[in-house]
Structure formats: structure tokens, C-alpha cells
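Notes for the structure review
Residue-level listing of the chains:
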Amino acid sequence: GASGAAGNFFAGRQLYANPYYASEIAAAIPSLPSSLKAKASAVAKIGTFVWLDTAAKVPTMDTYLADIEKQNAAGASPEIIGGFVVYDLPNRDCAALASNGELTVANDGLTKYKAYVDSIAAIVKKHSKTKIVLLVEPDSLGNLVTNLGVAKCQEAHDAYISGVEYALKTLNFDNVAMYIDGAHSGWLGWPANIGPAADLFASVYAGAGKPKALRGLVTDVSNYNGFDLASKPVYTESNPNYDEKHYINALAPLLEAQGFPAHFIVDQGRSGVQPTAQLQQGDWCNVIGTGFGIRPTTNTGDPLVDAFVWVKPGGESDGTSDTSAARYDAHCGYADALKPAPEAGKWFQAYFEQLLQNANPAL
Ligand SMILES: O=[N+]([O-])c1ccc(O[C@@H]2O[C@H](CO)[C@@H](O[C@@H]3O[C@H](CO)[C@@H](O[C@@H]4O[C@H](CO)[C@@H](O)[C@H](O)[C@H]4O)[C@H](O)[C@H]3O)[C@H](O)[C@H]2O)cc1
Ligand SMILES: [Mg+2]
């Protein structure tokens, strides 16, 4: 199974370069300074994950998988695999405002969510010969560990658990490797949080029937943390798990002890500049001074870590800075948040230029 013998889908393969993201970049290039144009073209060729953040986007998965099959049949080498983010839980992003989604618990969201998952399963079944990596619900379980004091998270508790377990059971195919969201070192890595986090992850793994397609966890999605830092950033305060390597190596044994032999992948898409310019570890919105990070690779130097990946598409906003907007979250108004910023997911040209300029390794 993917958590054992099936192993690391990324080994000897390449992740599909998301055409949606490539089209956003193509549209951005004309207004870039000439010094950044070639760098932008290089980014468009890098494999990144496609975010299925509305039910209406699910059909694009069928198109992309057909394109992957066409390229593989034509002899693509290494073999191309698809990468998608399952991201449509009711009361999504419950502790923040910026990335709230189309479904709510109050409006029969769990039923609608299951239909969304079923539509993904139908497409996966249709493409049984193509290897597919699915990242399941960023910011969901993490919020159940630290934010049950937030009304929308409290209300979402059962739906998040049922929804994630349903997704894990329903998407448990031989050609799939799933990673559930493990938040990041600055969130669940805190000693007070890591134990409860391990308990929750292990309980969901068991609750979903220990699906063989569940390979482990993805960490640092839409965040900026380094993997293996030479020194401890000031903003990590007293957290001994001050980078993703520390977090993963502290979490893995706790999961193993509860019967969940997890492997990990780590988002490094916006982690090129370390330490970051974050004023506080919890600052997550459009952080200034960041750069594209380590290019996707399986050369991680850690047997627990299958790959470094780019999950959050660099250049898409984390949230609007318009204080009058319905989804305005104060984090996007902080001094370390680049402004003016468009709504979450919308193209943020100045941010894209920042990431290109500060990329490390250089583009
Ligand atoms: O030493 N002590 O005494 C002590 C006491 C208390 C401590 O408390 C810890 O402080 C941490 C740091 O603030 C908190 O971590 C933050 O939690 C936020 C959610 O609440 C996360 O926000 C999400 O970020 C996502 C992108 O990553 C966005 O996509 C998403 O929209 C957005 O909602 C931040 O990343 C994450 O850094 C912990 O919860 C908290 O338990 C810690 C130490
Ligand atoms: Mg977000």
C-alpha cells in the first residue's frame, strides 16, 4: 500500500506543471520587468499542485489527467504524475476569514462535500493508469487541535472529521497516494500541540479504516517555514521544533506509536528566504520579503520525507487587504503583509515579482 510497499510516488517521476498556474504566469509576464521574464517562464514549467477549491473546478482534473496520459504515452521521461489539493470542506478555513469556501455546515455542507469527493473519485477511477497525489484539506485538522474556541471551528468539528475520513475512504485507490494536512512547525509543532495533533491524525487514520493509499502528511502548506535551518529564528520563540525537519522528526514517532506509519512531503514554494521577515510566527498572510524556495525534489536528506513540493501557487494571494471586504482578515493588514492584496486565490502581481526576485536557489 502507499503507506508501505507502494512507497514514494515522487521517486523517479515528475509532477505535472499545472496549466492553470502556467496560464496565470503567461498573463503576468508582459507586465514584468524584463529582468524577471525568463525567471517567470521557468516557474511556469515547475510542477505544482492544482487546487480543487470549488466543486466547479473538479472537471479540470479530468482534462489535466488526460493531458498527462497523452504526454506519458508520447514517452514523457520521467513519467508524469498528477497533483491535486482537495479543498472544499464546509466552514473551510474556520479560524480565519480570508479563504472561506462555498460550503457551510449550516447549509447542508457535509452532504454537498461528500458529493464533491464522489465527483473526484469518479475522475480518479476513469484514469486508473495514472499516478495521482492528493493533498487532503489544508488547515482543517490543525484548526481542530488549536481553535475549537472559535465558533466556526467548533461548529465544523464533526463535519471536518467526517469529511476527511470520507475523503480518505472514497479516494483510496491503487493509483493514489494521499497526504493529509499536518499544518506546520509553528502551529502544531509547539510542545503543547504536538501530542493532541498526533492523537487526532492517528484517530482519523484509524477512523478511515487505515487506507493503504494514505502515505502520510503534508506540512507547511501556504506557509513559509524552512526545512532544515542552520539557526533558530527569533520568531519561533521557545518552540524547540523551529523548522519542518524538527517538527516531522518529533511527530513521526508519535504517529508510529499509534499505528500510523506516516511519511511526509513539505511545501517549500515560498520558503526561499530564511529567516523570514515575519514579525510573529503566526503571521500567514502575504508575508513580505519571501522568495520561491527549494525546487521540487525527492533529494530531501531525510528518510521520513518523500519530497519537497510547491503546493501554494506562489503569486496567488492569501487574502484581501481591503478592510471593507466580507472576507477581510486582519492578518492581511499586518505590517509584514504585502499590500494592497486581492482576494485569496486571485493573482497578486507584486507578490509574484517579490517571489521571483528573492528566489533561493535563484531562478
Ligand atoms: O509558548 N507559549 O506559551 C505558547 C503559547 C501559545 C501558543 O499558541 C500557538 O501559537 C502559534 C503561533 O501563533 C499558533 O499557530 C498559528 O495558528 C494559526 C491558526 O490559528 C495558523 O493560521 C493559519 O495559517 C495557515 C497557513 O499556515 C492559513 O492558510 C490559515 O488561513 C490560517 O488560519 C498559523 O499558520 C499558525 O502559525 C498556534 O495555533 C497556537 O497554538 C504558542 C506558544
Ligand atoms: Mg489560506
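The structure reproduced in this document is the subject of the present report. (Residues numbered from 1 in each chain as written. Chains lettered and ligands numbered in written order. Predicted model: local features only at pLDDT ≥ 70, side-chain atom pairs only at ≥ 80, totals over all residues. Heavy atoms only, no water.)

**So, unusual backbone geometry**
Of the consecutive residues Lys-339 and Pro-340, the connecting peptide bond is found in the cis state with omega at -5°. If you trace the backbone, Pro-340 turns up in the loop between β8 (305-309) and α9 (349-357). Cis peptide bonds are those with omega within 30 degrees of zero, and the linkage from Asn-360 to Pro-361 qualifies with 5°. Turning to its location among the elements, Pro-361 is positioned in the segment after α9. Of note, Asp-93 is a non-glycine position whose phi angle comes to about 55°, a positive value. Along the chain, Asp-93 turns up in the loop between β3 (79-86) and α4 (109-126). By relative accessible area, which is 9% here, Asp-93 ends up buried. In the Ramachandran plot, Glu-237 falls in the positive-phi region, its phi being about 45° despite a non-glycine side chain. As for its placement among the helices and strands, Glu-237 is situated in the loop between β6 (214-219) and α8 (244-257). (Helix = DSSP H or I, 4+ residues; strand = E, 2+ residues; numbered from the N terminus. Buried < 20%, exposed > 50% of the residue type's maximum accessible area, 1.4 Å probe, protein only.)

**Regarding the site of ligand 1**
Residues in contact with ligand 1 amount to 17 residues; listed here are only the nearest, Asp-93, Asp-139, Asn-147, His-184 and Asn-223. Contact between ligand 1 and Asp-139: an oxygen atom at 2.5 Å from a side-chain N or O atom of the residue. For ligand 1, an oxygen atom lies 2.8 Å from a polar atom in the side chain of Asn-147. Looking at side-chain class alone, the shell around ligand 1 contains 5 nonpolar, 10 polar and 2 charged residues. (Near = heavy atom within 4 Å. Polar contact = N/O pair within 3.5 Å; in protein donor to acceptor, adjacent residues only side chain to side chain. Nonpolar A, V, L, I, M, F, W, Y, C, P; charged D, E, K, R; others polar.)

**What to know about the state of the cysteines**
Under the criterion given, the structure shown has 2 disulfides. Each disulfide pairs two cysteine sulfurs, and for Cys-94 the partner residue is Cys-153, the sulfurs being separated by 2.1 Å. Judged by the torsion about the S-S bond (100°), the Cys-94/Cys-153 disulfide is right-handed. Taken together, the residues Cys-94 in the loop between β3 and α4 and Cys-153 in helix α6 (residues 151-170) connect sequence positions 59 residues apart. Summarising the burial analysis for this pair, Cys-94 and Cys-153 share the class buried. Shown here is the disulfide that connects Cys-285 with Cys-332, its sulfur atoms set 2.1 Å apart. Judged by the torsion about the S-S bond (100°), the Cys-285/Cys-332 disulfide is right-handed. (Disulfide = S-S within 2.5 Å.)

**Here we look at the pairing of strand β5 (residues 176-181)**
Successive residues of a regular strand alternate their side chains across the two faces of the sheet. Within β5, 6 of the 6 residues are buried, leaving the element largely enclosed by the surrounding structure. Pairing of strand β4 (residues 132-136) with β5, which is carried by 5 bridges, proceeds in the parallel orientation. Following the sheet pairing, Val-133 is matched in β5 by Ala-177. Across 4 bridges, β5 lies against β6 in parallel orientation. When the sheet's bridge partners are listed, Asp-181 is paired in β6 with Val-218. This β-α-β element, β5 to helix α7 (residues 191-207) to β6, shows right-handed connectivity. (Pairing = 2+ DSSP bridges. Right-handed = clockwise from strand over helix to strand, strands pointing away.)

**Looking at the pairing of β3**
Burial runs high along β3: 7 of the 8 residues are buried. Bridge analysis of strand β1 (residues 13-15) against β3 gives 3 bridges, and the strand direction is parallel. Bridge pairing in β3 links Leu-15 to Ile-81. Relative to β3, strand β2 (residues 50-52) runs parallel, the two sharing 3 bridges. Looking across to β3, one finds that Trp-51 is bridged to Val-85. Where the polypeptide runs from β2 across helix α3 (residues 58-73) and back to β3, its parallel neighbour, the crossover connection is right-handed. Examined bridge by bridge, β3 and β4 share 5 bridges and lie parallel to one another.

Shape is all these values report; function is a separate question.
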